[in-house]
Every structure is written in structure tokens, then in C-alpha cells.
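A look at the structure
As a plain string of letters, each chain reads:
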Protein chains: 2
Amino acid sequence: MSQSRRAGRDLRRRPVAAASDATRRGRLDGRIGFQLRMAQDASFRAFARDTGVRDLRPGRFAAMTVIHNNPGITQTTLSRAIARDKSTVTPLIQDLERRGLVARVRSRTDRRCIALRLTASGEDMLLVLEAHAASHDRRLDRIVGPAKPALIRLLKSITDGLA
Amino acid sequence: MSQSRRAGRDLRRRPVAAASDATRRGRLDGRIGFQLRMAQDASFRAFARDTGVRDLRPGRFAAMTVIHNNPGITQTTLSRAIARDKSTVTPLIQDLERRGLVARVRSRTDRRCIALRLTASGEDMLLVLEAHAASHDRRLDRIVGPAKPALIRLLKSITDGLA
DNA sequence: TATTGTTATACTCTATAACTATA
DNA sequence: TATAGTTATAGAGTATAACAATA
């Protein structure tokens, strides 16, 4: 905090809300890529807005979930699981460690590696986040209805198919 | 360009590729929000990778498409159409104007407003981008197959439903 | 007073390259 | 030489607040 803060009361960017209309978007509207972007954006904003947790955005949440499900995972493996460079993971994990949510232990078999684990308070926090995510998901479920499994399958096939 | 460039040969961030696996992602995998993020990310990277156009990312492309479809649109209206703050649109449009792709004309009826239009070369560029987007979309179409209309509908309902 | 667009400011996310320490 | 993680650096994207011009 080298400089005085002048800006908003809130660190989480992106209020704005969803796109307006009456404006013609042309072919954009029929493009999967564009609609993907709009939906992702809306979901992201809604998650941030609805969640009471004021500083663990979806990225941290995803990392914590992966660590929870793969105790002892290394940073490089984690980086592949969330499709980010390892240099992106370093500060992310440092942040989680600073908050006492993640513990880092040097591996004794390969001293280059660091094994990641959630701390007890990390597990607690994950439960809280899970609850929020679940309620956010219920909202999404209500919107997509019975098409949910199909939607998930389609999204996965896009992710895999474009790799 | 006030400073020397040290980094890569390419301004477009985000190589990396898609997520790896063998790693358990737990409930994340069944979450619409998460899968939306992964698919959007993959689509974004693929678009950037496949497109020959080396410096007009999806955001610019979307803005240009909206301007093309709504000649004379104002910046504020555009900002609503693409769900971004007007202060975000200012530098975006300045960039497009600098490249000679967009023309800005002060409205004579309301001198606060600026009417946006694509220049001739902006229209040309849009055609090139359209071609790339179309080929990217064909790839997506091949992946999602006949489910495309349903997918588009679902994504739109998510965007609208979360507003 | 309200709105359009601009500016000043700043923060998040992400990457590349080079580096250290291991292996 | 190759890999794990860190650091230095940088840029894209986006936002809030305040402001000037205009309505």
C-alpha cells in the first residue's frame, strides 16, 4: 500500500451487471464463443455478488478445491489442473498461505517439490465456499433445468475438443 | 513504448493450453460455473491461437461487430451492449480509432454524444475477423454438433437469468 | 441536476524469461 | 540437462471516482 487509496470501498472489480439490449449484436448472438463469454461473465459477477465471502474469487476457490481433492499435490501439477502457468500459481498459493488456508511442505523424496494441503481453517473455509457455490449452482440449475447434464457435457467437450 | 521490451515475441498472453487431468477436481467438475470458465478459457485461447490476426482480440471484435450492426451508436450504449463500464470503452475505442478502424463523430443534436462508425478499412477488417470467427465457429460446431441451438439458448438464458 | 465521455488511478490476472535449487 | 518453484517485469482488462461539457 504505497499510495493512498482513492477508489471504491470494495476490491472486487466488475459491477456493471449484464448486457443491455435493444442494441443489435448481429452474428455475435449466434456465436458460441461470444455467448460463452457473456454467460461466463454473468456467472462470475453473480458469484461475486451473491457470495458473502468478500475476497476469495472463483480462481482461489478452484485451487482450494483441487488441493482438497488431491492432498499433497505439487504446484506444477495444480497449475496444469487449472490451466495456468506455474508462475501464476506461485502468488496465488502465497496468498492462500498468508491467509492460513494452505500449508506448503517441501517433499523429502524430491526436494524441488512442494506438497500442498489445506489447513484445518482452509477446510472450514472451503465448506463455506462450497455452500455459496452450491447456492449459486442451484440458481443456475433453476435456469437450465433438466438440461444441466447435457450442458455440462457440452462444455466439457468444448474444453477438451479445443485443446 | 517507453521501455524496452524484454518479454516474448508476442503480445497476446495465455499459451498454456487446456487443463491437464489425472488430477481430481471433485465437485468442481459438476459445476456449471466452473465448466463455463474452462470452456470460455479454451475457446478464447483457441481463437487467439488460430486467428491469423495478431492483435484484435475477442473484445475488440465484439465492439466492432456491435458498431457495424448499429452505426452511429454512442459509447455509452455500446458499453451496455458489451457489458462493460464506459470508462473501459474509452481506451478501447481510442485504440480502434488510432488504427483507423473506427470513426468518431460528435452528434450535432446532443453534443455530449459521439456517434461511432466503422471506417471502410474497419469494415474490411471486420470481414477478415468474421472469416476467422466463422472458421473458429465451425470448429466449435463440429464439437457440439446438432446441440448448437440448444447450447446457445442455454447460454443466453444463463446470461439473462443472472442479471 | 443528470448524462456523455475522459482522465487519474489502481487492482486482478496472467504470462515470459531468467534464475536457484535440486534431480 | 531437465524440472520445480521464484522473481522481475510487463501488459491486458477492467473498475471507481471526479471532472468538464452539455442537456
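Preceding this section is the structure that the text describes.
All values derive from a computational prediction rather than experimental measurement.

It is worth spelling out helix α2 (residues 58-69) of chain B at this point. In a regular helix each residue adds 1.5 Å, so twelve residues correspond to 16 Å; α2 of chain B covers 16 Å between its end C-alpha atoms and thus fits that length. Residues P58, F61, A62, A63, M64, T65, V66 and I67 of chain B constitute the buried set of α2 of chain B.

A common way to state how big an interface is: give the accessible area lost once the parts meet. Every contact between the two is made by 67 residues of chain A and, on the other side, 67 residues of chain B. Approximately 6,200 Å² of surface area, both sides summed, lies buried where chain A meets chain B, with 65% of it carried by carbon and sulfur atoms. It is I32, R37 and L162 of chain A that lose the most area in chain A upon contact with chain B, and together they represent 12% of the buried surface on that side. Counting across the chain A and chain B interface gives eight salt bridges. As a salt-bridge pair, R31 of chain A and E130 of chain B come within 3.1 Å of each other at their nearest N and O atoms. Connecting chain A to chain B are 16 residue pairs in polar contact (both at pLDDT 80 or more). Looking at the side of chain A that touches chain B element by element, the count peaks at 15 residues for helix α1 (residues 32-50) of chain A. Residue composition of the side of chain A that touches chain B, grouped by class: 32 nonpolar, 17 polar and 18 charged.

Moving on, we get to unusual backbone geometry. Residues and elements named next belong to chain A. With a phi angle near 60°, A83 is a residue other than glycine that sits in the positive phi range. Note that A83 resides in the loop between α3 (75-81) and α4 (86-98). Judged by its relative accessible area of 3%, A83 is buried.

On to the relation of the copies chain A and chain B, then. Once turned by 180° and shifted 0.0 Å along the axis, chain A lies on chain B with an RMSD of 0.0 Å. Taken together, the rotation and translation relating the two chain copies correspond to the operation of a two-fold axis. The share of interface residues of chain A whose copies in chain B are also at the interface is 100%, consistent with both copies meeting through the same surface.

All names here are of chain A. With respect to the helices and strands, G100 occurs in the loop between α4 and β1 (102-106). Using a relative accessible area of 30% as the deciding quantity, one classes G100 as partly exposed. When the C-alpha atoms of G100 and T119 are compared, they prove to be 6.9 Å apart, with 19 residues separating the residues in sequence. Setting aside its immediate chain neighbours within four residues, G100 contacts T119, S121 and G122.

Definitions and limits used
Here the residue index of a chain counts from 1 through its sequence in written order. Labels follow written order: the first chain is A, the first ligand is 1, and so on. With the structure being a predicted model, the display of local features is reserved for residues of pLDDT at least 70 and the display and counting of side-chain atom pairs for 80 or more, all residues being used for whole-chain, interface and lining totals. In computing side-chain properties, one takes all heavy atoms of the structure into account and sets aside hydrogens as well as water. Each helix corresponds to a stretch of at least 4 residues labelled H or I by DSSP, and each strand to a stretch of at least 2 residues labelled E; elements are numbered beginning at the N terminus. Helix span is expected to be 1.5 Å times the residue number reduced by one. Exposure categories follow from relative accessible area, calculated using a 1.4 Å probe and restricted to protein chains: below 20% of the type maximum is buried, above 50% is exposed, and the middle band is partly exposed. The contact criterion used is simple: two residues touch if any of their non-hydrogen atoms lie within 4.5 Å. Here's the idea: put two parts together, see how much 1.4 Å probe accessible area each one loses, and the total over both is what we call buried area. Salt-bridge detection follows one rule: a side-chain nitrogen of Lys or Arg within 4 Å of a carboxyl oxygen of Asp or Glu. Polar contacts here mean pairs of N or O atoms no more than 3.5 Å apart (in protein, one a potential hydrogen donor and the other a potential acceptor; neighbouring residues in sequence count only if both atoms are side-chain atoms). Ten residues, namely Ala, Val, Leu, Ile, Met, Phe, Trp, Tyr, Cys and Pro, are considered nonpolar, four, namely Asp, Glu, Lys and Arg, are considered charged, and the remaining ones, Gly among them, are considered polar. Overlaid copies result from least-squares superposition on C-alpha atoms, with residues included only where pLDDT is at least 70 in both.

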